[in-house]
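# Examining the three-dimensional arrangement
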Amino acid sequence: AVREIADLRAEVAGIPGSLIVEACPLGVKQHTDIWGAGVDAGAVEIMRSIKAKFDPADILNPGRFAHGI
């Protein structure tokens, strides 16, 4: 499934819109960026900072947001 997601993303890359992985097994999520590659490093650091302030023990949905936040 990881390869199929990558292939589909490559196929639709030039088309306006979004490709969403709505549901998939945990093993697939661990081996693919389910959020896509469109999040820049600065935005990721801001998201990490906000999550650290509101969830310092990393209890709420650990690793389930963009870039494993």
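Everything quoted here is computed from the prediction, not taken from an experiment.

Each helix and strand in the protein chain was counted, giving three helices and zero strands. The secondary structure elements of the protein chain, listed N-terminal to C-terminal, are α-α-α. With the principal axes as the frame, the protein chain shows a C-alpha extent of 40 × 25 × 15 Å. Sequence separation of at least 24 residues holds for 42% of the intrachain contacts in the protein chain that already meet a minimum separation of 6. A total of about 5400 Å² of accessible surface is found on the protein chain, and carbon and sulfur atoms cover 61% of it.

What follows covers the confidence of the model for the protein chain. Predicted confidence across the protein chain gives a mean pLDDT of 82, with 93% of residues reaching 70 or more. For the protein chain, helix α2 (residues 26–29) is the element with the lowest average pLDDT, namely 82, and helix α3 (residues 41–54) is the one with the highest, namely 88.

Of note, Thr 32 is situated in the loop between α2 and α3. Classification of Thr 32 as buried rests on a relative accessible area of 17%. The residues touching Thr 32, leaving out its near neighbours within four places in the chain, are Val 2, Ile 5 and Arg 9.

Moving on to the environment of Asn 61. Looking at where Asn 61 falls in the secondary structure, it is placed in the segment after α3. The class of Asn 61 is exposed, set by a relative accessible area of 54%. Taking the C-alpha atoms as reference, Asn 61 lies 22 Å from Leu 19; in sequence the two are 42 residues apart.

So, about the pattern of salt bridges. Summed over the entire model, instances satisfying the criterion amount to four salt bridges. Close ionic contact of Arg 3 with Asp 7 constitutes a salt bridge, the shortest N to O distance being 2.8 Å. Of the two residues, Arg 3 and Asp 7 both sit in helix α1 (residues 2–12), four residues apart, roughly one turn of that helix. Owing to a relative accessible area of 37%, Asp 7 belongs among the partly exposed residues under this scheme. For Lys 51, the salt bridge identified is with Asp 58, shortest N-O distance 3.4 Å. Take Lys 51: its relative accessible area is 19%, and that puts it in the buried class. Members of the salt-bridge network, linked through shared partners, are Lys 51, Asp 55 and Asp 58.

Rules used throughout
- Residues numbered from 1 in each chain as written.
- Predicted model: local features only at pLDDT ≥ 70, side-chain atom pairs only at ≥ 80, totals over all residues.
- Heavy atoms only, no water.
- Helix = DSSP H or I, 4+ residues; strand = E, 2+ residues; numbered from the N terminus.
- Contact = heavy atoms within 4.5 Å.
- Areas by Shrake-Rupley, 256 points an atom, 1.4 Å probe, with all protein chains shown as cover.
- pLDDT = per-residue confidence, 0-100.
- Buried < 20%, exposed > 50% of the residue type's maximum accessible area, 1.4 Å probe, protein only.
- Salt bridge = Lys/Arg side-chain N within 4 Å of Asp/Glu carboxyl O.

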